[in-house]
Amino acid sequence: TFETNLCNWNNVDGAKDWTRDSSGTPSSGTGPSSAHQGSHYIYTEASGGNHNKDFILESGHFVVTTALKLQFYYHMKGTSMGDLTVSCMSTGASDWQPLFTVSGSQGDSWRQAEVVLPMDCESVQLKGHTGPSRLQVLQFLDHLA
């Protein structure tokens, strides 16, 4: 969870930063009223000139020695919502391989997702692309479990 920090996830230079918060989002009519579990979550905010922007978090490098899953909850509420994509950088690859994508408004509830990581995955990228709407919110519960 994101109770104390970004949990070894790093905002990527050149992209907009994900925001960690616990008290609701700044835009009314979007996002959750609370975290799915605990108090904190991270989100992308599309108001204030952040429409159609990329917000990117990347994990550190790791070695997969047994099957791994990335489990998380996401919340995407708003008109003209953007996209949420989880990608993997495989050993020797030069491009991110999308493993999970969800687009558009998903209603006013947290939804669970589970992504199986390939055995040659060495880093994970989380990209929120804002649409013309104001907000999309995501919370990870379990990182690499």
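Please refer to the structure placed before this passage.
It should be emphasised that the depicted structure is a prediction, and the values quoted were computed from it without experimental measurement. (Residues numbered from 1 in each chain as written. Predicted model: local features only at pLDDT ≥ 70, side-chain atom pairs only at ≥ 80, totals over all residues. Heavy atoms only, no water.)

Peer 1: Can you tell me about the sheet that holds strand β1 (residues 10–11), naming the residues and giving the values?
Peer 2: Overall, antiparallel pairing links the five strands, which are arranged β1-β4-β9-β6-β7 in an open sheet. Looking at strand neighbours, the two that pair on one side only are β1 and β7 (97–103), the edges of this open sheet. Relative to strand β4 (residues 54–58), β1 runs antiparallel, the two being bridged by two bridges. Within the sheet, the bridge partner assigned to asparagine 11 lies in β4 and is leucine 57. (Pairing = 2+ DSSP bridges. Helix = DSSP H or I, 4+ residues; strand = E, 2+ residues; numbered from the N terminus.)

Peer 1: Before we move on, can you summarise the pattern of salt bridges with the specific residues and values?
Peer 2: If charged atoms from side chains of opposite charge come close, those side chains can pair. For the structure shown, the criterion picks out two salt bridges. Here lysine 69 makes a salt bridge to glutamate 114, at a shortest N to O gap of 3.8 Å. Of this pair, lysine 69 sits in strand β5 (residues 68–75) while glutamate 114 sits in strand β8 (residues 111–117), and the two are 45 residues apart along the sequence. Note on glutamate 114: relative accessible area 44%, which makes it partly exposed. Here aspartate 108 makes a salt bridge to lysine 77, at a shortest N to O gap of 3.7 Å. With aspartate 108 in the loop between β7 and β8 and lysine 77 in the loop between β5 and β6 (83–90), the pair connects residues that are 31 residues apart, well separated along the chain. For lysine 77, a relative accessible area of 24% translates into the label partly exposed. (Salt bridge = Lys/Arg side-chain N within 4 Å of Asp/Glu carboxyl O. Buried < 20%, exposed > 50% of the residue type's maximum accessible area, 1.4 Å probe, protein only.)

Peer 1: Talk me through the pairing of β6; I want residue IDs and the actual numbers.
Peer 2: Here β6 lies mainly inside the structure; seven of its eight residues are buried. The sheet contact formed by β6 and β7 spans six bridges and is antiparallel. Along β7, the bridge assignment pairs cysteine 88 with glutamine 97. Both β6 and strand β9 (residues 121–129) contribute to a ladder of eight bridges, which runs antiparallel. Paired with cysteine 88 across the strands is valine 124, a residue of β9.

Interpretation in functional terms is not warranted from these geometric data alone.
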